Amino acid sequence: MLRRLLHSIGSYLLLMRRTFARPQQMRIFRQQYLHELYSLGYNSLFIVILMSFFIGALLCVQIKLNVWSPWMPRFTIGYAMREVILLEFASSIICIILAGKVGSNIASEIGTMRVTQQIDALDVMGVNSASYILLPKILAMVTAIPLLVTFSIASGFIGAYVVCWAGGFLSLADLTYGLQHDYVPWHLWSGYIKSLVFAFIIASVSGFFGYTVRGGSIEVGRAGTNSVVVSSVLILFFDLMLTNLLMG
Amino acid sequence: MISLIDIQKHFEDQEVLHHISATFEEGKTNLIIGRSGSGKTVLLRCIIGLLTPDNGQVLYDGRDIHRLSKHDGTLLRQEMGMLFQGAALFDSMNVLENVMFPLDMFSSKTHRERLARARFCLDRVGLTDAENKMPSELSGGMQKRVAIARAIALEPRYLFCDEPNSGLDPISSRIIDRLISDITHEYGITTIVNTHDMASVRGIGEQVLFIHDGYAEWTGSNATLYTSENPHLREFLESDQ
Ligand SMILES: Nc1ncnc2c1ncn2[C@@H]1O[C@H](COP(=O)(O)OP(=O)(O)O)[C@@H](O)[C@H]1O
Ligand SMILES: [Mg+2]
């Protein structure tokens, strides 16, 4: 068990060393990078906005109904909501959602290339298959994530405004005051920093699971599931580490 | 010419290849024949460098593929074309893009020249009209032909085919066999074909290596195949009648 774990970590690191090589053909790399930016980043935008909107609204409702008591000032609702969104939701939780959406997609796409010998075909031609396949995906994820996080924060706040306005249980002025109260820019930046690490984890770990598939369609499916589980756990683990490091 | 010297390969506790030595000549269709599971694919993967043998050398006109520097290895690979058992076309690209891929990756020619070369290769395999189709829209035989076009795009000196007829009807099989054989002779390529299809052996085989349970048991020309005394080879040949 431990030996298998160490073996996997070792092969992961070796794969990453092959991945971070200079692209053999810049023109093709650029094309692929833009393509992945679109298919991994842009195609995740909708789900990120939708989920953040509802979470922002829900946080507001829950805090007001179940956490807040009449002796607390009203702005604490907006304040607590903002901190949850900035510190955890927009970075860690969104990345776990993306691990499910993007990670399984990457793992099964690359796994299929493996079992249909497309990766062998690249290797025989003399193409560095690890770099050719993984590098555009990793870079696209890492560059897309700050934007996704930004959209997540914005849409979470919009969700809060909409629910306060429609539900009428908190004035928009109180919410705005709470959202601005005692704002620490570092909380925002640390969320961005964490999300960069998580994006790298999602793309590289699911890429590893796909690249190392052996067998057929059953193993490809399993690689998809495993990549989601492992990258989600890793995201939480590094969340704990980074939070201690960045906040401590 | 490709020479194998004393190739050995094992997986876990299973010896798959036992001391295989052979030579494959230039301008000829060299066949590796044997039953399923005899080790043909493993041997071919050792030859093209996708597997590293435990022992032995694979010499491409004197260059040992397993001991070249990274740079020389990449250069050698551009002289190699491979037709995989399942064609292995890139399913995110259409037919023309598949054939263009090795050119885009490695050729220093202009776009127009690369396009002309890709179209020439597609024409050579009789698929001019299919250039905008996706691989999933093609029949098995057409996929194999596209894969041949892709394999010859960079004008290889060495061509490898693993079970080129598997999953194809007899007519498509003969078309693929003819293409492989004609291309080999036209361009003087060293070609190695794995097969257990006796129709191919009779049709396009020139030099034959017979493998049984990982042992190279017989080698010789197609004409002397049926005069062999080797019991395993006789059994293999007779099963066809
Ligand atoms: N990656 C592998 N791991 C373990 N055993 C393998 C592997 N590849 C092939 N083998 C074994 O090697 C033997 C030869 O297989 P193969 O070369 O595919 O046969 P053939 O192509 O002649 O049908 C088989 O017994 C197979 O089980
Ligand atoms: Mg085989």
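Residues numbered from 1 in each chain as written. Chains lettered and ligands numbered in written order. Predicted model: local features only at pLDDT ≥ 70, side-chain atom pairs only at ≥ 80, totals over all residues. Heavy atoms only, no water.

What follows is about the packing of aromatic side chains. Considering all chains together, one arrives at 14 aromatic pairs over all chains under this definition. Between Tyr60(B) and Tyr158(B), the ring centres sit 4.8 Å apart and the planes meet at 90 degrees, which makes this aromatic pair edge-to-face. Residue Tyr60(B) is located in strand 4 (residues 55–60), and its partner Tyr158(B) is located in strand 7 (residues 158–162); the two are separated by 98 residues in the primary sequence. Per residue, the accessibility class of Tyr60(B) equals that of Tyr158(B), and both read buried. Ring centres of Phe210(B) and Phe236(B) lie 5.7 Å apart, and the angle between their planes is 50 degrees; on these two criteria the pair is classed as tilted. Here Phe210(B), found in strand 9 (residues 207–212), pairs with Phe236(B), found in helix 8 (residues 231–238); they are 26 residues apart in sequence, far enough to count as distant. Judged on exposure class, the residue Phe210(B) and its partner Phe236(B) are both buried. Aromatic ring contacts, followed pair by pair, group Tyr12(A), Phe208(A) and Phe209(A) into a single cluster. It is Arg114(A) that lies over the ring of Tyr211(A); its NZ or CZ is 4.8 Å from the centre. The ring of Phe90(B) is capped by Arg150(B), whose NZ or CZ atom sits 4.6 Å from the centre of that ring. (Phe/Tyr/Trp six-rings, centres within 6.5 Å; stacked < 30°, edge-to-face > 60°. Helix = DSSP H or I, 4+ residues; strand = E, 2+ residues; numbered from the N terminus. Buried < 20%, exposed > 50% of the residue type's maximum accessible area, 1.4 Å probe, protein only. Lys NZ or Arg CZ within 6 Å of the ring centre and 35° of its normal.)

When the parts of a complex come together, some accessible area is lost, and that lost area is often taken as the interface size. Each partner contributes residues to the interface: chain B has 23 residues there, and chain A has 16 residues. Buried area between chain B and chain A, both sides added, is near 1,700 Å², and the carbon and sulfur share of it is 63%. When the buried area of chain B at its contact with chain A is split by residue, Arg77(B), Phe90(B) and Met105(B) rank highest and sum to 29% of it. For the interface between chain B and chain A, the tally reads one salt bridge. Note that Arg45(B) and Asp120(A) form a salt bridge whose closest N and O atoms lie 3.1 Å from each other. Counting the contacts that link chain B with chain A gives six residue pairs in polar contact (both at pLDDT 80 or more). Secondary-structure elements contributing two or more residues to the side of chain B that touches chain A are helix 2 (70–77), strand 6 (80–83) and helix 3 (95–106) of chain B. Broken down by element, the side of chain B that touches chain A gets its largest block of residues, five residues, from helix 3 of chain B. Considering only residue class, the side of chain B that touches chain A consists of 13 nonpolar, four polar and six charged. (Contact = heavy atoms within 4.5 Å. Buried area = accessible area lost by both parts, 1.4 Å probe. Salt bridge = Lys/Arg side-chain N within 4 Å of Asp/Glu carboxyl O. Polar contact = N/O pair within 3.5 Å; in protein donor to acceptor, adjacent residues only side chain to side chain. Nonpolar A, V, L, I, M, F, W, Y, C, P; charged D, E, K, R; others polar.)

All names here are of chain B. Each assigned domain of chain B is listed here: domain 1 (1–79 + 160–241) and domain 2 (91–155). Between the C-alpha centres of domain 1 and domain 2 the distance comes to 25 Å. Taken together, the contacts link 14 residues of domain 1 with eleven residues of domain 2. Here domain 1 meets domain 2 over a buried area of about 1,000 Å², counting both sides, of which 68% is carbon and sulfur. The largest per-residue losses of area from domain 1 upon contact with domain 2 belong to Gln 78, Leu 179 and Ile 183, which jointly make up 44% of the total buried on that side. Summed over the shared surface of domain 1 and domain 2, the number is one salt bridge. Between Arg 124 and Glu 186 there is a salt bridge; the shortest N-O distance is 2.5 Å. The interface formed by domain 1 and domain 2 holds three residue pairs in polar contact (both at pLDDT 80 or more) in total. A per-element tally of the side of domain 1 that touches domain 2 places helix 6 (residues 170–187) first, with eight residues. Residues that form the side of domain 1 that touches domain 2 fall into these classes: eight nonpolar, three polar and three charged. (Domains from an automatic or database assignment.)

All names here are of chain B. Surrounding ligand 1, one finds Phe 11, Gln 14, Val 16, Arg 35, Ser 36, Gly 37, Ser 38, Gly 39, Lys 40, Thr 41 and Val 42. Between ligand 1 and Val 42 there is a distance of 2.9 Å, counted from an oxygen atom to a backbone nitrogen or oxygen. When ligand 1 is considered free in solution it has 560 Å² of accessible area, and contact with the protein chains removes 62% of it. Counting residues per element, the ones that place at least two in the shell around ligand 1 are strand 2 (14–24) and helix 1 (40–47). Per-element accounting of the shell around ligand 1 gives the leading share, three residues, to helix 1. Partitioning the shell around ligand 1 into residue classes produces three nonpolar, six polar and two charged. (Near = heavy atom within 4 Å. Areas by Shrake-Rupley, 256 points an atom, 1.4 Å probe, with all protein chains shown as cover.)

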